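In case you want the letters, here they are:
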Amino acid sequence: MNPHVFKLSLLRGDEGSSQDRDLEWLRVFRHFDPRLRDFFGRRDQALPVDEIVGEVWGRAFLFISTLKDTAALWSWLTAIGNNVIRDRVRTHLRHPTGSLSESDVATAAEESFVRAWIDVENDIALREDVQLLISRLQPTDRELLRLVAVDGLSHDEIATQLRLSSAAASRQRLRRLRVHLQETRKSGRAGQGATASKEMKE
Amino acid sequence: MTRPFDEQSFLGLRRQHEDAMQLALRGREILLRRPAASFDGFGHFLDSVLPDEPEGAAGLAAVLHVSAQELERLRASLLDPLSVPATIVALIGQLVGLSPDELERMVVQDHERFSEFSSRVSARAVDRDTGSFLSDLRSAFARLAEDSGADM
């Protein structure tokens, strides 16, 4: 049996005893937990990785019944992690504790989203790469990233804020930004300043 | 210093969520057999998906961030869903596989039963409270939907 193939019916609880389910989840934990820590932990301790990872697992337990294929586990877990971080950023901005600056947490959230967009499980982007990619974005793309990653606005709200014609236009803009970041990362052009808005004008 | 999140913590967390995971499966199974519209409110639906054993309901209540008593009262339609934080109602709805429209309809059905008996509150105030709660409920539901693996 491939050690990295997981049985969804066991994880969901459709079959097996509670002990069988514990064992299968433990396999998932052993495979993904170190990767999650690596993924969410490279931010100068701006966010507490132990708490974030714990929250990711809690949400994974709650919503595993929505997952259709364990091949998507990594993407799903990182998406949940980004949501956890965004929730924390929002809470922090509403109730600042003084331990982190507004800009630290917002930057951490932006970096986390970009990492999820450009990363694959075995291609861990360096923090410097991500920072460089973000720093080279046009102001309009940077604003879009901020609205998605930090403010967590819906596409309707983003369309209103950026004066786009519709939510579909906002979705399209975000898709272009993701493709642009992925391609720039692949071709190692992070420093050359090409942008999604310049390359693909509506 | 807080304890690191290790394998032991992970297994403890998983066991805490066992009842919630079973609830998610049961909710989806029931909705496959019976349309949400056939339930006469949120309490009626909860009664068909929540475990009968008190221990199961208590474990579930902890994960859902409500007291076991509140959960039982919701189930028995003895508690107005609008008196519970919208985030919790949204979590229950999302967990069992209800759509936002179905959840909203069920919540309003139960709430209206309570407001019918409330002579001290003006209809306008009730409407305003309901509107604000439903708006919070929709936002909370949309947020939780982002944690779903359905689109992966």
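Residues numbered from 1 in each chain as written. Chains lettered and ligands numbered in written order. Predicted model: local features only at pLDDT ≥ 70, side-chain atom pairs only at ≥ 80, totals over all residues. Heavy atoms only, no water.

1. Topic: the overall build of chain B
So, step 1. A count of helices and strands for chain B gives 7 helices and 0 strands.
So, step 2. Scanning chain B from its N terminus toward the C terminus, one meets helices and strands in the order α-α-α-α-α-α-α.
So, step 3. Taken across its 152 residues, chain B has 47% of its residues classed as buried.
So, step 4. Partitioning the intrachain contacts of chain B with sequence separation of at least 6 by distance along the chain shows that 73% fall at a separation of at least 24. (Helix = DSSP H or I, 4+ residues; strand = E, 2+ residues; numbered from the N terminus. Buried < 20%, exposed > 50% of the residue type's maximum accessible area, 1.4 Å probe, protein only. Contact = heavy atoms within 4.5 Å.)

2. Observations regarding the overall build of chain A
So, step 1. Scanning chain A from terminus to terminus reveals 10 helices and 0 strands.
So, step 2. Going from N to C terminus, chain A has its helices and strands arranged as α-α-α-α-α-α-α-α-α-α.
So, step 3. The buried share among the 202 residues of chain A stands at 50%.
So, step 4. When contacts within chain A are restricted to residue pairs at least 6 apart in sequence, those whose partners lie at least 24 apart make up 63%.
So, step 5. Of the roughly 9500 Å² that chain A leaves accessible, carbon and sulfur atoms contribute 48%. (Areas by Shrake-Rupley, 256 points an atom, 1.4 Å probe, with all protein chains shown as cover.)

3. Topic: the interface of chain A and chain B
So, step 1. Every contact between the two is made by 34 residues of chain A and, on the other side, 30 residues of chain B.
So, step 2. A combined buried area of about 2900 Å² lies between chain A and chain B, and 59% of that area is made up of carbon and sulfur atoms.
So, step 3. When residues of chain A are sorted by the area they lose upon contact with chain B, Phe61, Leu62 and Phe63 of chain A head the list and together hold 23% of the total.
So, step 4. On inspection of chain A and its partner chain B, the count reaches 7 salt bridges.
So, step 5. Between arginine 59 of chain A and aspartate 147 of chain B there is a salt bridge, with its nearest N and O atoms 3.1 Å apart.
So, step 6. Our enumeration of links across chain A and chain B arrives at 16 residue pairs in polar contact (both at pLDDT 80 or more).
So, step 7. Counting residues per element, the ones that place at least two in the side of chain A that touches chain B are α1 (8-12), α2 (18-41), α3 (49-63) and α4 (73-94) of chain A. (Buried area = accessible area lost by both parts, 1.4 Å probe. Salt bridge = Lys/Arg side-chain N within 4 Å of Asp/Glu carboxyl O. Polar contact = N/O pair within 3.5 Å; in protein donor to acceptor, adjacent residues only side chain to side chain.)

4. As for the side chain of threonine 184 of chain A
So, step 1. In this fold, threonine 184 of chain A is placed in helix α9 (residues 167-187).
So, step 2. At 2.5 Å, the side chain of threonine 184 of chain A forms a polar contact with the backbone oxygen of histidine 180 of chain A.

5. Side note on the packing of aromatic side chains
So, step 1. Applying the stated criterion across every chain, the model contains 12 aromatic pairs over all chains.
So, step 2. An aromatic cluster is built from Trp25, Phe29, Trp57 and Phe61 of chain A together with Phe5 and Phe10 of chain B, whose rings are joined through pairwise contacts.
So, step 3. In this structure, arginine 34 of chain B packs its charged tip against the face of phenylalanine 39 of chain B, placed 4.0 Å from the ring centre. (Phe/Tyr/Trp six-rings, centres within 6.5 Å; stacked < 30°, edge-to-face > 60°. Lys NZ or Arg CZ within 6 Å of the ring centre and 35° of its normal.)

6. Re the pattern of salt bridges
So, step 1. On inspection of all chains with the given rule, the structure shows 28 salt bridges over all chains.
So, step 2. For arginine 12 of chain A, the salt bridge identified is with aspartate 14 of chain A, shortest N-O distance 2.9 Å.
So, step 3. Here aspartate 101 of chain B and arginine 138 of chain B are joined by a salt bridge, their closest N and O atoms 2.5 Å apart. Of this pair, aspartate 101 of chain B sits in helix α6 (residues 100-116) while arginine 138 of chain B sits in helix α7 (residues 123-145); the two residues are 37 residues apart in sequence, bridging distant segments of the chain.
So, step 4. Residues joined in a network through salt bridges with shared partners are Glu51, Glu55, Arg59, Arg86, Asp87 and Arg88 of chain A together with Arg143, Glu146 and Asp147 of chain B.

7. Considering the nonpolar core
So, step 1. Counting 100 residues, the largest nonpolar core has Trp25 and Trp57 of chain A as the members making the most contacts within it.
So, step 2. The contacts of tryptophan 25 of chain A, once residues within four sequence positions are left out, are Leu11, Trp57, Ala60, Phe61 and Ile64 of chain A together with Phe10, Arg14 and Met21 of chain B. (Core = buried A, V, L, I, M, F, W, Y, C linked by side-chain atoms within 4.5 Å.)

8. A word on the packing of helix α1 (residues 7-33) of chain B against helix α5 (residues 86-96) of chain B
Residues and elements named next belong to chain B.
So, step 1. Packing of α1 against α5 leaves a shortest axis separation of 7 Å and a crossing angle of 65°. Counted together, Ala20, Leu23, Ala24, Gly27, Arg28 and Leu31 of α1 and Gln94, Leu95 and Val96 of α5 form the full contact between these two elements.
So, step 2. Here the residues of the contact of α1 with α5 are counted per class, giving 6 nonpolar, 2 polar and 1 charged. (Axes fitted to C-alpha atoms, helices over the stretch in contact; angles between N-to-C directions. Nonpolar A, V, L, I, M, F, W, Y, C, P; charged D, E, K, R; others polar.)

9. Details of the confidence of the model for chain A
So, step 1. Confidence along chain A averages 80 in pLDDT terms, with 78% of residues attaining 70 or more.
So, step 2. pLDDT under 50 marks residues 198-202 of chain A. Its contacts with residues more than four places away, or in other chains, come to 11 contacts. (pLDDT = per-residue confidence, 0-100.)

10. A look at helix α2 (residues 42-49) of chain B
So, step 1. The complete set of buried residues in α2 of chain B reads Phe42, Gly43, Phe45, Leu46 and Val49 of chain B. All buried residues of α2 of chain B lie within an arc of 160° about the axis, which places them on one face of the element. (Arc of directions from axis to C-beta.)

11. Some words on the environment of leucine 147 of chain A
All names here are of chain A.
So, step 1. Secondary-structure assignment places leucine 147 in helix α7 (residues 139-149).
So, step 2. According to the relative accessible area criterion, leucine 147 is buried, its value standing at 3%.
So, step 3. In this structure, the C-alpha to C-alpha distance between leucine 147 and isoleucine 158, residues 11 residues apart in sequence, is 6.9 Å.
So, step 4. Not counting the four nearest positions on each side in its chain, leucine 147 is found in contact with Gly152, Leu153, Ile158, Gln161 and Leu162.

12. A word on the side chain of arginine 75 of chain B
All names here are of chain B.
So, step 1. Position of arginine 75 among the secondary structure elements: in helix α4 (residues 68-75).
So, step 2. For arginine 75, a relative accessible area of 9% corresponds to the buried category.
So, step 3. Among the polar contacts listed, one links the side chain of arginine 75 to the backbone oxygen of proline 51, at a separation of 3.0 Å.
So, step 4. Each residue touching arginine 75, except ones within four places of it in the same chain, is listed here: Gly43, His44, Leu46, Asp47, Leu50, Pro51 and Asp52.

13. Structural notes on the confidence of the model for chain B
So, step 1. Mean pLDDT over chain B stands at 87; residues scoring 70 or higher make up 89%.
So, step 2. In the predicted assembly, ipTM is 0.86 and pTM is 0.74.

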